[in-house]
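A closer look at the structure
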Amino acid sequence: MPQTKDFINLFAAKSSFRSTIPKAMTTEEKQFKLDSRYLRMARIWAENSYCKRRKVGALVVKDKMIISDGYNGTPSGFENVCEDDNNVTKHYVLHAEANAITKLARSSNNSDGSTLYVTASPCIECAKLIIQAGIKRVVYGERYRLEEGLELLKRAQIEVIYLNPDEYETK
């Protein structure tokens, strides 16, 4: 009889253990967590920028792998100074998205169907590059004053998602 009692106790312990296991996340919840994490990583990557006025970071992710990265800055071989003496951004400074996409062009990776995580919403010129690169989702964390880039992405049927860092970082 002690064996039966041990089995009942074991069964009861397992049953109470099961009730403490968290409920499985939905696909949407999993995607939100991934989006939040990659956007945080893009924010950290932005710290590499030498620009003083605004630091922007970007990651291109495909099949849960980072295939490219970029931050705003001057072209290769130029001095790492983004602003002139009047604190105006120099005309040849590259945006984070452009740096990430042009890096892809020099690699063996392909951005078809990928997601771009960028700390600020894309401008119109970067939106054109995003469309041509075959990127299908854009997740951004700060709204830029001009919205033509976002409008163009939506017109091209690219999924555009705004994640407010003040909201998602607490989850």
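First things first, this report covers the structure right here in the doc. (Residues numbered from 1 in each chain as written. Predicted model: local features only at pLDDT ≥ 70, side-chain atom pairs only at ≥ 80, totals over all residues. Heavy atoms only, no water.)

Let us now look at the layout of surface pockets. Empty space among the atoms becomes visible once a probe the size of a water molecule is rolled across them. Approximately 440 Å³ is the volume found for the largest pocket. Forming the walls of the largest pocket are 19 residues, and the residues nearest its centre are Arg-54, Asn-72, Thr-89, His-95 and Tyr-144. Tallied by class, residues from the lining of the largest pocket come to 8 nonpolar, 5 polar and 6 charged. The computed volume of the second largest pocket comes to approximately 320 Å³. Around the second largest pocket, the lining comprises 15 residues; the ones closest to its centre are Tyr-71, Thr-74, Ser-76, Asn-99 and Lys-103. Only β2 (65-71) and α3 (96-105) provide two or more residues apiece to the lining of the second largest pocket. Residue classes in the lining of the second largest pocket are distributed as 5 nonpolar, 7 polar and 3 charged. (1 Å grid on protein atoms, 1.4 Å probe; cavity = no way out; pocket = protein on both sides within 12 Å on 5 of 7 lines; lining within 4 Å. Points joined across faces, edges and corners; volume = space filled by probe spheres on them. Nonpolar A, V, L, I, M, F, W, Y, C, P; charged D, E, K, R; others polar. Helix = DSSP H or I, 4+ residues; strand = E, 2+ residues; numbered from the N terminus.)

Right, let's talk about the packing of α3 against helix α4 (residues 124-132) for a bit. Pairs of packed helices are described in terms of their axes, by the angle between the two and the distance that separates them. In contact at an axis separation of 9 Å, α3 and α4 are set at 25 degrees when each is read in the N-to-C sense. With respect to each other, α3 and α4 are oriented roughly parallel. Of the two elements, α3 crosses α4, and the hand of that crossing is left-handed. In contact with Glu-97, Ala-98 and Ile-101 of α3, α4 contributes Cys-126, Leu-129 and Ile-130. (Axes fitted to C-alpha atoms, helices over the stretch in contact; angles between N-to-C directions. Parallel < 35°, antiparallel > 145°, perpendicular 65-115°, else oblique. Left-handed = near helix turned anticlockwise from the far one by under 90°. Contact = heavy atoms within 4.5 Å.)

A side chain with one charge may pair with a side chain of the opposite charge, provided their charged atoms come close. According to the stated counting rule, one finds 6 salt bridges in the structure shown. Between Asp-69 and Lys-103 there is a salt bridge, with its nearest N and O atoms 2.5 Å apart. A residue pair is termed long-range when its members are at least 10 positions apart, and Asp-69 in strand β2 and Lys-103 in helix α3 qualify at 34 residues. With a relative accessible area of 17%, Asp-69 lands in the buried category. A relative accessible area of 42% means that Lys-103 is categorised as partly exposed. Among the ionic pairs, Lys-90 bridges to Glu-79, the shortest N-O distance being 3.1 Å. Here Lys-90 is found in the loop between β2 and α3, whereas its partner Glu-79 is found in the loop between β2 and α3, with 11 residues between them in sequence. Judged by relative accessible area, Glu-79 falls into the partly exposed class, the value being 38%. Linked by salt bridges that have partners in common, Asp-35, Arg-137 and Glu-159 make up one network. (Salt bridge = Lys/Arg side-chain N within 4 Å of Asp/Glu carboxyl O. Buried < 20%, exposed > 50% of the residue type's maximum accessible area, 1.4 Å probe, protein only.)

Purely geometric stuff here, so don't read any function into it on its own.
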